[in-house]
Amino acid sequence: MAGEGQVISCHTVESWNEQLQKGIAAKKLIVVDFTASWCPPCKLMSPILSELAKKLPAVIFLKVDVDELQSAAEEWAVEAMPTFVLTKEGKVLERIVGAKKDELQLAVEKHATTVENATTANA
């Protein structure tokens, strides 16, 4: 799948919906970074998200600028940046609000491991 090992920026509603649907169809963990270009904590978290994406290629990492895609931010009830939403098969597993590096890493690794274990068990 294109984008493995990297953070995919969604600049249009179409690309946002397409990436979500790909993740749901593939039954993959999706980590969404709701960000803003003017947000210093968001800039601080950006390289951390990139590192996680490289380390966990089975997870889909999406970046959404709330000013570009206001409708997505509203639909997902984003009230502060950065907000990270972990979702799988259309269900929200966890939300992390703020530049909480350790909390984000633990949550992603926890849910990524759950996904991999479930995949292995079904094989």
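Up top is the structure these notes are about.
Each value, and the rule that gives it
Residues numbered from 1 in each chain as written. Predicted model: local features only at pLDDT ≥ 70, side-chain atom pairs only at ≥ 80, totals over all residues. Heavy atoms only, no water. Buried < 20%, exposed > 50% of the residue type's maximum accessible area, 1.4 Å probe, protein only. Helix = DSSP H or I, 4+ residues; strand = E, 2+ residues; numbered from the N terminus. Pairing = 2+ DSSP bridges. Right-handed = clockwise from strand over helix to strand, strands pointing away. Axes fitted to C-alpha atoms, helices over the stretch in contact; angles between N-to-C directions. Contact = heavy atoms within 4.5 Å. Salt bridge = Lys/Arg side-chain N within 4 Å of Asp/Glu carboxyl O. Core = buried A, V, L, I, M, F, W, Y, C linked by side-chain atoms within 4.5 Å.

Colleague: Summarise the pairing of strand β3 (residues 60-65); cite the residues concerned and give the values.
Modeller: Of all six residues in β3, six are buried; the element is thus mostly enclosed. The alternating pattern of β3 places Ile 60, Leu 62 and Val 64 and Phe 61, Lys 63 and Asp 65 on opposite faces, both of which are buried. Bridge count for strand β1 (residues 7-10) against β3 is four bridges, and the pairing is parallel. Bridge assignment links Val 7 to a residue of β3, and that residue is Phe 61. In the sheet, strand β2 (residues 29-35) pairs with β3 via six bridges, with the strands oriented parallel. The residue of β3 that forms the bridge with Ile 30 is Ile 60. Handedness of the β2-helix α2 (residues 40-55)-β3 crossover: right-handed.

Colleague: Explain the sheet that holds strand β5 (residues 91-97) to me, using residue names and the numbers behind them.
Modeller: Strand pairing in a sheet relies on backbone hydrogen bonds, with the paired strands running either antiparallel or parallel. Taking strand neighbours across the sheet as the criterion, the five strands line up as β1-β3-β2-β4-β5 in an open arrangement whose pairing is mixed. Both outer strands of the open sheet, β1 and β5, are each paired with one neighbouring strand and no more. This sheet shows a mean twist of 25° between the axes of neighbouring strands, independent of strand direction. Seen against the sheet, α2 touches β1, β2, β3 and β4 (83-88) and runs at an angle of roughly 160° to β3.

Colleague: Break down the pattern of salt bridges for me, citing the residues and quoting the values.
Modeller: Tallied over the entire structure, the rule returns five salt bridges. The salt bridge partner of Lys 54 is Glu 51, with a shortest N-O separation of 3.7 Å. Of this pair, Lys 54 and Glu 51 both sit in helix α2, separated by three residues, roughly a single helical turn. Overall, Lys 54 belongs to the exposed group, its relative accessible area being 56%. A salt bridge links Glu 89 to Lys 88; its shortest N-O distance comes to 2.9 Å.

Colleague: I'd like to hear about the nonpolar core, residue by residue, with values.
Modeller: Counting 20 residues, the largest nonpolar core has Trp 16, Val 32, Phe 34, Leu 62, Val 64 and Trp 76 as the members making the most contacts within it. Of all the secondary-structure elements, those providing two or more residues to this core are β1, α1 (13-25), β2, β3 and α3 (70-75). Ignoring sequence-local partners within four residues, the contact set of Trp 16 consists of Cys 10, Val 32, Phe 34, Leu 62, Val 64, Leu 69, Ala 72 and Trp 76. Within the second largest apolar cluster, 18 residues are counted, among which are Val 31, Ala 53, Leu 56 and Ile 96.

Function cannot be read off these values alone, since they describe shape.
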